[in-house]
Amino acid sequence: MAGYVVLGLPCGILCAAAGMDWWMTAVMSILFYSGAGQYMIPNMYLAGNPLSAIILSVTLVNTRQMLYGASLSQFCGNVSKRLSFIFGATVTDESFGVNLARFINGGWTVRAALFVNLFSQSAWILSNIAGALIGAAVSLPTALASFAMTSLFICLLCMQKVSKANAVAVVGAILGVILCKCVGLSGPAILIGALVGVGCALLFSLKTGGSDDSAIKVGD
Amino acid sequence: MSVNDFFIVFVAVAITMLACRVLPVFLLKGRQLPETVVRALNFIPPAAFAALVANDLFDPAKVTSGDVWSWLAPLIAAAFVVIVGAKTKSMAWCIVVGVGSLAVLTYGPVLL
């Protein structure tokens, strides 16, 4: 969870650099709660993008949450609607990784997973506010603050299981993103790249005859 | 950012975000997913994170600008993070090393 503090501080600083008051940063951390999104908004705003472009890009990036929701839904079969709602609403890239691993290993409940989510979010909100206050007082280079996000994604990538199919997914996604950006599709680049990666890996794993790396033990 | 701008962006993204997060949980709740779908879902994390990293590190405008250091420095810093990430699996260390090494690579040459 220290990761959230280290990540939240630069995010708050970036928001302050974009001229947002500390309460805006706080409201966003509570109700929007998206690391990538909250980095993208001030980044794009500082780069002079129109509001519509910001909204569209952030939404496109956030569609990946749908995939997390779809993936976690299989563990929400016998819990109340309210619990599933709150749990679903508090999923993030980071806590998804932590919770999915525990669900697959077994002996993990939605309630326990929700605690992980809420704990992460509290750390996120507090460090964002702290970052916003620091950012309002001193000015720091935004390139450094946004690299905190990149570092976090690299770390999450390193935590994935090492397998041939996963490697195909990674290479496919990277090539997809590079291609998209070269033809000027920088907004949907992340989404398209990720889908290309998933598609390549799926084809690869079906072609190579379903090794156990992709036969995930869920639902049994 | 003005209060008005903020609310336009914030409300729009918050609504789409909530929909993306919550809808699949309810629509698919408790249902057994086909094997191929499960397989595809498992490739999402590596593909999504790789796409996010590639998106951050690759900027055609910087590559064509002629300023090699502007894209090489983050790339070198990212390589350090990969080493630290593979060894420690710690988010905090990755961020500290990533931001720290980029700071040194960006501002170090200027100071020398």
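All of these numbers come straight from a predicted model, not from anything done at the bench.

**As for the overall build of chain A**
Stage number 1. Along its length, chain A carries 11 helices and zero strands.
Stage number 2. Mapped in sequence order, the helices and strands of chain A form the string α-α-α-α-α-α-α-α-α-α-α.
Stage number 3. For chain A, the C-alpha radius of gyration of 18 Å lies close to 17 Å, the compact-globule estimate for 220 residues.
Stage number 4. Seen through its C-alpha atoms, chain A measures out along the principal axes to roughly 55 × 45 × 30 Å.
Stage number 5. Scored against the burial criterion, the 220 residues of chain A give a buried share of 51%.
Stage number 6. Long-range contacts, defined as pairs at least 24 residues apart, comprise 77% of the intrachain contacts of chain A with a sequence gap of at least 6.

**Section: the overall build of chain B**
Stage number 1. Within chain B, the regular secondary structure consists of five helices and zero strands.
Stage number 2. Dimensions along the principal axes, computed over C-alpha positions, put chain B at roughly 60 × 45 × 30 Å.
Stage number 3. When the 112 residues of chain B are sorted by exposure, 40% land in the buried category.

**Details of helix 9 (residues 142-158) of chain A**
Stage number 1. Helix length check: helix 9 of chain A, at 17 residues, gives a terminal C-alpha distance of 25 Å against a target of 24 Å (1.5 Å per residue), a fit within 8%.
Stage number 2. With 14 of 17 residues buried, helix 9 of chain A is to be regarded as a mostly interior element.

**Here we look at the interface of chain B and chain A**
Stage number 1. On the chain A side, the residues contacting the 63 residues of chain B number 82 residues.
Stage number 2. Residue contributions to the side of chain B that touches chain A peak at 20 residues, all from helix 2 (residues 35-57) of chain B.
Stage number 3. Considered class by class, the residues forming the side of chain B that touches chain A number 50 nonpolar, seven polar and six charged.

**Considerations on the domain arrangement of chain A**
By a frequent convention, interface size equals the accessible area lost on bringing the separate parts together.
Stage number 1. According to the domain assignment, chain A consists of domain 1 (2-159) and domain 2 (161-220).
Stage number 2. Computed from C-alpha atoms alone, the centre-to-centre distance between domain 1 of chain A and domain 2 of chain A is 23 Å.

**Comments concerning the nonpolar core**
Stage number 1. Grouped together as the largest cluster of nonpolar side chains are 101 residues, with contacts concentrated most on L152(A), A169(A), A173(A), V198(A), A47(B), A50(B) and A51(B).
Stage number 2. Top element by residues in this core is helix 2 of chain B. It accounts for 13 residues.

**Section: unusual backbone geometry**
Residue and element names in this part refer to chain B.
Stage number 1. The phi dihedral of K89 falls on the positive side, at around 55 degrees, and the residue is not glycine.
Stage number 2. Counting through the fold element by element, K89 comes out in the loop between helix 4 (68-88) and helix 5 (91-111).
Stage number 3. Judged by the 13 C-beta atoms lying within 10 Å of it, K89 is partly exposed.

**Considerations on the confidence of the model for chain A**
Residues and elements named next belong to chain A.
Stage number 1. Looking at chain A as a whole, its pLDDT mean stands at 77, while 90% of the residues score no less than 70.
Stage number 2. Across chain A, the element-wise mean pLDDT spans from 73 in helix 4 (residues 51-62) up to 90 in helix 10 (residues 164-182).
Stage number 3. The low-confidence segment residues 212-220, where pLDDT is below 50, has 17 contacts with residues more than four positions distant or belonging to other chains.

**Some remarks on the packing of helix 10 of chain A against helix 2 of chain B**
Stage number 1. Between helix 10 of chain A and helix 2 of chain B, the least distance of the axes is 8 Å, while the angle of their chain directions is 35 degrees. Along this stretch, helix 10 of chain A crosses helix 2 of chain B, giving a crossing that reads as right-handed. Along its contact with helix 10 of chain A, which presents A165(A), N166(A), A169(A), V170(A), G172(A), A173(A), I174(A), G176(A), V177(A) and I178(A), the element helix 2 of chain B presents F43(B), P46(B), A47(B), A50(B), A51(B), A54(B) and N55(B).
Stage number 2. Residues that form the contact of helix 10 of chain A with helix 2 of chain B fall into these classes: 13 nonpolar, four polar and no charged.

**What about the environment of S95(A)?**
Stage number 1. By the element assignment, S95(A) lies in helix 7 (residues 93-105).
Stage number 2. In the structure, S95(A) is positioned 23 residues away from L118(A) in sequence and 9.6 Å away in space, judged by C-alpha atoms.

**Section: the environment of I83(B)**
Stage number 1. In this fold, I83(B) is placed in helix 4.
Stage number 2. Separated by 11 residues in the primary sequence, I83(B) and C94(B) have C-alpha atoms spaced 9.0 Å apart.

**Here's the deal with the confidence of the model for chain B**
For any part of a model where pLDDT is low, the fine detail of the predicted coordinates should not be relied upon.
Residue and element names in this part refer to chain B.
Stage number 1. Averaged over all residues, the pLDDT of chain B is 82; the fraction at 70 or higher stands at 94%.
Stage number 2. The element-level mean pLDDT for chain B is lowest in helix 1 (residues 3-27), coming to 77, with helix 4 highest at 89.
Stage number 3. In the predicted assembly, ipTM is 0.81 and pTM is 0.73.

**Some details on the packing of helix 3 (residues 35-46) of chain A against helix 9 of chain A**
Residues and elements named next belong to chain A.
Stage number 1. It is at 10 Å that the axes of helix 3 and helix 9 come closest, and there the two elements cross at 155 degrees. Accordingly, the angle class assigned to the pair helix 3 and helix 9 is roughly antiparallel. Seen from above, helix 3 lies across helix 9 with left-handed handedness. Taking contact as the criterion, the partners of G35, A36, Y39, N43 and L46 in helix 3 are, on helix 9, T142, S146 and M149.

Scoring rules and cut-offs
- Residues numbered from 1 in each chain as written.
- Chains lettered and ligands numbered in written order.
- Predicted model: local features only at pLDDT ≥ 70, side-chain atom pairs only at ≥ 80, totals over all residues.
- Helix = DSSP H or I, 4+ residues; strand = E, 2+ residues; numbered from the N terminus.
- Rg over C-alpha atoms; globule rule 2.2 N^0.38 Å.
- Buried ≥ 20, exposed ≤ 12 C-beta atoms within 10 Å, placed from the backbone.
- Contact = placed C-beta atoms within 7 Å.
- Expected span 1.5 Å × (residues − 1).
- Nonpolar A, V, L, I, M, F, W, Y, C, P; charged D, E, K, R; others polar.
- Domains from an automatic or database assignment.
- Core = buried A, V, L, I, M, F, W, Y, C linked by C-beta atoms within 7 Å.
- pLDDT = per-residue confidence, 0-100.
- Axes fitted to C-alpha atoms, helices over the stretch in contact; angles between N-to-C directions.
- Left-handed = near helix turned anticlockwise from the far one by under 90°.
- Parallel < 35°, antiparallel > 145°, perpendicular 65-115°, else oblique.

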